[in-house]
Amino acid sequence: MMGSVAIPDYVRPRVICLGLAALDRIWRVERPFVSGSEKIRAGEHLTEPGGMAANAAVAVARLGGAVSFWGRAGNDDAGRILADSFVTEGVDIENFRLFEGGASSVSGVIVDKAGERQIVNFRGRYPCDPSWLPLANISAESVLADPRWPEGAEALFRAARNRGIPTVLDGDVADADVFERLLPLTDHAIFSEPGLRGFAGQEIEPALARVATFGCRMVAVTRGADGVTWREGSDLVHLPAPKVAVVDTTAAGDVFHGAYAFAIGAGFGISDALGFAGAVAALKCTRSGGRSAIPSLDELKSS
C-alpha cells in the first residue's frame, strides 16, 4: 500500500459532507491557456459530476463509509444528473435539494499533459437559507464542509460542535469573511495552498499560525507533490507525499478531504489520518479523471 499507514478493521463511520456539487466538463490538452485570446486543441472531452464536498462524499462512500451529501442544485438537467450520480455511488441524498427555478453549478476543467488543471466554475443559483436542514437530528462520526455554502456550513458545524462531532473544513479559495465565520467552529482546517495564501499570507508557517488563532485543533495545508504540512498545538510537522506517476490531479484535494473525514470518523489519530488521506489522493492522481478515478478501499490496500 502507498504510504506508511496500516489500515485497521474499523466500524463503518457515518460522515456528512455539505457544500458544492457541480457538473464538470473536462477537456484534456497538450498545454493550458497562457494569456490573452487564444485557441487550444483538446485531445479528449468528457462530462462527469464533481464539486468539492460532493467528490469528498463519493470518496467516503468508496472507502466504505456511510455518507450523506447535504447541498443544493437547480431542478434542471445538470441537477438531476448530479442526484442520479450520488444514488449510483451509494451516497444518501435525502438532504440534497433541487430547487425549482434554480440553476445548478457547472465547471469547465482544462487538464494538461502533466496532470495540472485550470478551472472555471459557475457556482449555481439557489437560496442560501439553510433552515430546511435537519440539524436537530444529526448523527455522524464526522462532518465535512467546503466554503461554497457558508450559511449551511456554519449551521452544520454549530450543530456538530454542540454534539461533540468533529468538524473538517475544506479550505479552498474563498473570501476572508467566510473563513472568519467558519474557523471558530472548525476542529480540523485543511487548506489548499492558494486558499491559505489568499486568507493568511504567503509564508506557510506564519499563515498556519494565524489560522490556529481561531481555535482549531489542527490546521494544515496540502501542497500537492510536496505533501502536507500541519500545525498541532505549537508543533509544525511535514509529511511527504507518496511518490507516484501523476496522470491527473483533478479532484485530488477533494479526495484528500473526504478520506481525512472518513479516517477521523473511523477513529484515526491526526497523523495517521493525514497519511491515509495522502495515500488515497495519490492513488487517485495515477488515473485519468476526477470522480471516476477515486479509488476504493480494496484498491488502496492492493496498491
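Remember, predicted model here, so these are calculated numbers, not experimental data.

**Focus on the overall build of the protein chain**
Part 1 of the reasoning: Per the secondary structure count, the protein chain includes 9 helices and 13 strands.
Part 2 of the reasoning: Taking 19 Å as the expected radius of gyration for a compact globule of 303 residues, we find that the protein chain reaches 18 Å, a close match to that expectation.
Part 3 of the reasoning: In terms of principal-axis extent, the alpha carbons of the protein chain reach across some 50 × 45 × 40 Å.
Part 4 of the reasoning: Looking at the 303 residues of the protein chain, the share that counts as buried comes to 54%.
Part 5 of the reasoning: Surface exposure of the protein chain reaches about 12900 Å², of which carbon and sulfur atoms provide 49%.

**Digging into helix H6 (residues 204-212)**
Part 1 of the reasoning: Taken residue by residue, H6 has Ile204, Ala207, Leu208 and Val211 as its buried positions. Buried residues of H6, seen end-on, are gathered within an arc of 95° and therefore sit on one face of the element.
Part 2 of the reasoning: Against strand E10 (188-192), helix H5 (193-200), strand E11 (218-222), strand E12 (228-232) and strand E13 (235-239) lie the buried residues of H6.

**Quick look at the sheet that holds strand E2 (residues 22-29)**
In a beta sheet, neighbouring strands are held together by backbone hydrogen bonds and run either parallel or antiparallel to one another.
Part 1 of the reasoning: The 4 strands lie next to each other as E3-E2-E6-E7, forming an open sheet whose pairing is mixed. Each end of this open sheet is capped by a strand with a single partner; those strands are strand E3 (42-50) and strand E7 (117-122). Going from strand to strand, the sheet's axes swing by 15° on average, the running direction of each strand aside.

**Quick notes on the pairing of strand E4 (residues 66-74)**
Part 1 of the reasoning: Across the 9 residues of E4, 8 count as buried, placing the element largely inside the fold.
Part 2 of the reasoning: Sheet topology note: the strand E1 (residues 14-19)/E4 ladder contains 6 bridges and is parallel. Bridge pairing links arginine 14 to alanine 66 in E4.
Part 3 of the reasoning: Examined bridge by bridge, E4 and strand E5 (residues 96-99) share 4 bridges and lie parallel to one another. Bridged to arginine 72 within E5 is arginine 97.
Part 4 of the reasoning: Assessed by its sense of winding, the connection that carries the chain from E4 through helix H2 (residues 77-89) to E5 is right-handed.

**Side note on the packing of helix H1 (residues 52-62) against helix H7 (residues 252-265)**
Part 1 of the reasoning: Put simply, H1 and H7 touch, their axes get as near as 7 Å, and they point 50° apart. Here H7 runs oblique to H1, going by the angle between their axes. With respect to the hand of their crossing, H1 and H7 are arranged in right-handed fashion. For the pair H1 and H7, the contacting residues are Met52, Asn55, Ala56, Ala59 and Val60 in the first and Asp254, Val255, Gly258 and Phe262 in the second.

Rules used throughout
Residues numbered from 1 in each chain as written. Predicted model: local features only at pLDDT ≥ 70, side-chain atom pairs only at ≥ 80, totals over all residues. Heavy atoms only, no water. Helix = DSSP H or I, 4+ residues; strand = E, 2+ residues; numbered from the N terminus. Rg over C-alpha atoms; globule rule 2.2 N^0.38 Å. Buried < 20%, exposed > 50% of the residue type's maximum accessible area, 1.4 Å probe, protein only. Areas by Shrake-Rupley, 256 points an atom, 1.4 Å probe, with all protein chains shown as cover. Arc of directions from axis to C-beta. Contact = heavy atoms within 4.5 Å. Pairing = 2+ DSSP bridges. Axes fitted to C-alpha atoms, helices over the stretch in contact; angles between N-to-C directions. Right-handed = clockwise from strand over helix to strand, strands pointing away. Parallel < 35°, antiparallel > 145°, perpendicular 65-115°, else oblique. Left-handed = near helix turned anticlockwise from the far one by under 90°.

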